[in-house]
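Descriptive structure summary
What follows is the residue order along each chain.
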Amino acid sequence: MSPEEFQRASRLALQNRDYRRLVHLCQAMRKVRPAYADAWFLESVAAEAGRNIAAAVKLVDQALTLDPKNGEYLVQKARYHASAGQMGEARESAEAAQTAGASGPSQLNTLGVVFTRLGAHQAAAKALRQSVEASATNPHSQFNLAAAEQFLGNDDAARFHYEEAIRLQPTNARSYWALSELDKNAVSERYEAAMRKLASSPSLSVNDALYLAHALARIDEHRGDYATAIQRLSEAKARRRAQLNYRFDEDRQVFDALHDAYPGEVTTDTGEAPGASAEGTVRPLFIVGLPRTGTTLLERMLCAHDAVDTLGELQDLPMALKRLSRTPGPRVLSPEVIAATATAPITLREAYLDSIAIRMRELGSGLRYHIDKTPLNALLLGHIARHLPDAKIILLRRHAMDAGLSNYRQLFSLEYSYYNYSYDLEDTGRYIAAFEALMAHWHRVLGSRMHILDYEDLVAEPEQRLRDTLNYLELPWQDACLNFHERGGSVATPSNSQVRQPVYRTAVERWKRYGDALRPLRDALDRSGYEYQKL
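The notes below deal with the structure included here. Keep in mind that what you see is a predicted model, and the values were worked out from it rather than measured.

1. Some remarks on the pattern of salt bridges
- Under the definition given, this model contains 33 salt bridges.
- E426 serves as the salt-bridge partner of R430, at 2.7 Å between the closest nitrogen and oxygen. Taken together, the positions of R430 and E426, both in helix α22 (residues 425-446) and 4 residues apart, correspond to about one turn of that helix.
- The partly exposed category is assigned to E426, whose relative accessible area is 26%.
- Residue E461 pairs with R465 through a salt bridge whose shortest N-O separation is 2.9 Å.
- Taken together, the shared-partner salt bridges in this structure form one network comprising R241, E426, D427, R430 and R527.

2. Observations concerning helix α14 (residues 226-244)
- A rise of 1.5 Å per residue sets the reference length of α14, with its 19 residues, at 27 Å; its end C-alpha atoms lie 27 Å apart and thus fit the reference within 8%.
- The elements touched by buried residues of α14 are α12 (192-199), α13 (206-222), α21 (400-409) and α22.
- Directly after α14, the chain includes N245, whose backbone phi takes a positive value near 55°.

3. Some thoughts on the nonpolar core
- One finds Y162, L298, L302, Y431, F435 and L446 to be the most contacted residues of the largest nonpolar core, which totals 129 residues.
- Sort the elements by how many residues they give to this core and α22 lands first, with 11 residues.
- Ignoring anything within four residues of it in the chain, the contact list for Y431 reads F248, D251, F255, L290, L376, L379 and Y421.
- C26, L74, A82 and L111 belong to the second largest nonpolar core, which has 42 residues in total.

4. Brief notes about the side chain of S406
- Checked against the element boundaries, S406 lands in helix α21.
- Residues in contact with S406, not counting those within four places in the same chain, are R292 and R398.

5. A few points about the sheet that holds strand β4 (residues 392-397)
- The strand order across the open sheet formed by 5 strands is β2-β3-β1-β4-β5, and the pairing between neighbours is parallel. Single-partner strands in this sheet number two, and they are β2 (308-310) and β5 (450-454). Between one strand axis and the next, the sheet turns by 25° as a mean value, whatever way the strands run.
- In this structure, β4 lies alongside β5, joined through 5 bridges in parallel fashion. Paired with I393 across the bridge in β5 is M450.
- Contacting β1 (283-289), β4 and β5, α22 runs over the sheet at an angle of about 140° to β5.

6. Observations concerning the packing of aromatic side chains
- Tallying each qualifying case throughout the model produces 14 aromatic pairs.
- Judged by centre distance (5.9 Å) and plane angle (35°), the ring pair of F286 and Y352 falls under tilted. Highlighted residues: F286 in strand β1 and Y352 in helix α19 (residues 348-360), separated in sequence by 66 residues. Here F286 and Y352 have matching classes, each one buried.
- Of the aromatic side chains, those joined through ring pairs into one cluster are F255, Y421, Y431 and F435.
- Above the plane of the ring of Y455 lies R398, whose end atom (NZ or CZ) is 4.8 Å from the centre.
- The ring of W477 carries the charged tip of R467 above its face, separated from the ring centre by 4.2 Å.

The rules behind these values
Residues numbered from 1 in each chain as written. Predicted model: local features only at pLDDT ≥ 70, side-chain atom pairs only at ≥ 80, totals over all residues. Heavy atoms only, no water. Salt bridge = Lys/Arg side-chain N within 4 Å of Asp/Glu carboxyl O. Helix = DSSP H or I, 4+ residues; strand = E, 2+ residues; numbered from the N terminus. Buried < 20%, exposed > 50% of the residue type's maximum accessible area, 1.4 Å probe, protein only. Expected span 1.5 Å × (residues − 1). Contact = heavy atoms within 4.5 Å. Core = buried A, V, L, I, M, F, W, Y, C linked by side-chain atoms within 4.5 Å. Pairing = 2+ DSSP bridges. Axes fitted to C-alpha atoms, helices over the stretch in contact; angles between N-to-C directions. Phe/Tyr/Trp six-rings, centres within 6.5 Å; stacked < 30°, edge-to-face > 60°. Lys NZ or Arg CZ within 6 Å of the ring centre and 35° of its normal.

Here it is in structure tokens:
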């Protein structure tokens, strides 16, 4: 087989997603030409399509031994590592791809997406701008660039590129939804007719129905029609829940496993006393809680302090735990993962710190803390206390009805199973009750090792609550913490528009506007016996 014949045949197999044929072609080619790099690389593509990331990495590494400066190979290697949660390796490969001169709109688009997943939003925007400059007619590149600009607070640029994506592809439901998120503080009805027409299509996918329902529900709420908003969300979310075949028992088993794994006082696994830290080291600060409970607001406030910076929302800790557990299956946190790691002599501290090392070098100097603001790290507080005894932990809480409504109104990433409860009001109520029971357990087990802050108190008395928090962190007061909204910087969470304005209280008791539409949420909380109490 000649290289030309291989390229034609492999291109056709890729177009048809015939990965078995692609693997056969690659292996046949290597029998004739063992040093033909593309035959290794394209088999890595097939391996990744089959969700065998470890094999994909090995195959692309072999291709890179033959062609070490191939930008396309390096970009894909970075993507493989990012999808596996190996963020340090992903960053190294992405930077190597830049150095190698990765080019072409497709490569640059993929590189930008990888940098976005790494939280490197400036680098992401640079790659994506180059991708769009090279080919402005790809709606997906336009969308990805818009998202990067939004993370950076460049709202006008983000709006332009979302609208370009819609102009190029009027059926791009995700872009309509993204615009509604961008303009959530000044709801626009500009695309309402187009969205309603698209939403009525009988061939609309489950995901597109979700995007449009969330965008149209925001318009309903703007008009004061809260019952219609909830009904619209309920219909679209029910389809997604059915597609996932989600049952709350899956999450209940995780909560039960965590209670059982840490029934009493948590002893450290490093020989260090809880709270101890070597002079001059930058300590981890975990800001945790349910999503939509003020974690991003507090992060922005604390990052205005000279001694604090953030790495954003990271998957490094749960992914490191999954790898160390050596358990099969795709679930990152499961009863099996918990059982395999709760008391075993694992090197979680080293794995976590190694994973974030490259990003740590990009933070400013003179820091005392780096923030890891993944809300659902709250499930891992036992592991954190055991393996990272020098870490500080701040738990954000919010009234269960407001937290439940906010989780239900938010369309989280469709890639992550962590938020599957949010497709149903009753599931959301069950999840919150179980989550709060676990937080009360952590409070009993960890005591003063964690600082608890209620969202309602933070927005009612921001200065006093910030002073309390800084005292817990043993940091002096700085006025800049109250003026956090005047700072720049990226915000890669659903709260990115809200936290660029001063503290506001309009989200407190928002649930009361919805009346009986939230009865399934309220009833689920009542049946659980849950009562909101300060911890």
